[in-house]
Amino acid sequence: MLTDKMLDKLNDQINVEFYSSNLYLQMASWCETKGLEGCADFLKSHADEEMGHMHRLFTYVNECGAMAKLGAIDAPPTDFANIDAVFEETLRHEKYVTRKINELADTAFSEKDYSTFNFLQWYVAEQHEEEKLFNTILDKMRIIGTEGRGLYHFDQEIAKMIDGHGGGSVMESEA
Ligand code: OFO
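Heads up: these notes are all about the structure in this document. (Residues numbered from 1 in each chain as written. Predicted model: local features only at pLDDT ≥ 70, side-chain atom pairs only at ≥ 80, totals over all residues. Heavy atoms only, no water.)

## Details of the nonpolar core
In step 1: Ranked by size, the top nonpolar core spans 27 residues in total, and within it Phe42, Leu43, Ile83 and Phe87 carry the most contacts.
In step 2: Those elements that provide at least two residues to this core are helix H1 (4–33), helix H2 (37–63), helix H3 (83–110), helix H4 (114–144) and helix H5 (149–160).
In step 3: Top element by residues in this core is H1. It accounts for seven residues.
In step 4: Setting aside residues up to four positions removed in sequence, Leu43 forms contacts with Tyr24, Met27, Ala28, Cys31, Val86, Phe87 and Thr90.
In step 5: Ranked by size, the runner-up nonpolar core spans 22 residues in total, among them Met6, Ile14, Val16 and Ala66. (Core = buried A, V, L, I, M, F, W, Y, C linked by side-chain atoms within 4.5 Å. Buried < 20%, exposed > 50% of the residue type's maximum accessible area, 1.4 Å probe, protein only. Helix = DSSP H or I, 4+ residues; strand = E, 2+ residues; numbered from the N terminus. Contact = heavy atoms within 4.5 Å.)

Following this line, the structure appears as structure tokens:
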């Protein structure tokens, strides 16, 4: 059984995961307008992955006999200075999500809700992967560069990551 405090925080996280999905989908749209098909496809795929994160929480809350509640979701930014700014923002956002997951785990522990604490371990591990993924992309960005032909090569490299981690979700690969 979930305490009111735990339920509120899990519902907040459902909202955060929706926002993550919308953020990456909006970024994909920006990439499309710049002719960056590889980045757009990668970000669309990652937006789907975030919906998987939302669904996992949604299902857990309902399985606990509580009601998942969907709140208003902030609109994501639509303007980015360049592709560097897009991926810098992805890493900044994932660090924020990691903090939110840590707060949730902290609440579960202090509420002595060990079932939810155990459930959240998947997200703890996932956030490690998410930060690693976007750090890898920023490394590629620095090595390849995003000026002139570098931008073309960077876009191609990101397209290749769709079938590696970042395209497929951890949930899918576990199935
Ligand atoms: Fe990108 O991990 Fe969920 O939000």
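The rest of the description comes next.
## Quick notes on the environment of Lys9
In step 1: Note that Lys9 resides in helix H1.
In step 2: Classification of Lys9 as partly exposed rests on a relative accessible area of 28%.
In step 3: The residues contacting Lys9, other than those within four sequence positions of it, are Glu103, Leu104 and Thr107.

## Things to note about the packing of aromatic side chains
In step 1: According to the stated counting rule, one finds ten aromatic pairs in the structure shown.
In step 2: Joined through ring pairs, the aromatic side chains of Tyr24, Phe42, Phe87, Phe134 and Phe154 make up one cluster.
In step 3: Just above the ring of Trp122 sits the side chain of Arg56; from NZ or CZ to the centre is 3.9 Å. (Phe/Tyr/Trp six-rings, centres within 6.5 Å; stacked < 30°, edge-to-face > 60°. Lys NZ or Arg CZ within 6 Å of the ring centre and 35° of its normal.)

## Points about the packing of H3 against H4
In step 1: Where H3 meets H4, the axes come as close as 9 Å, and the angle between the chain directions of the two elements is 165°. Overall, the two elements H3 and H4 adopt an arrangement that is roughly antiparallel. The hand of the H3/H4 crossing is left-handed.
In step 2: Considered class by class, the residues forming the contact of H3 with H4 number 18 nonpolar, five polar and six charged. (Axes fitted to C-alpha atoms, helices over the stretch in contact; angles between N-to-C directions. Parallel < 35°, antiparallel > 145°, perpendicular 65-115°, else oblique. Left-handed = near helix turned anticlockwise from the far one by under 90°. Nonpolar A, V, L, I, M, F, W, Y, C, P; charged D, E, K, R; others polar.)

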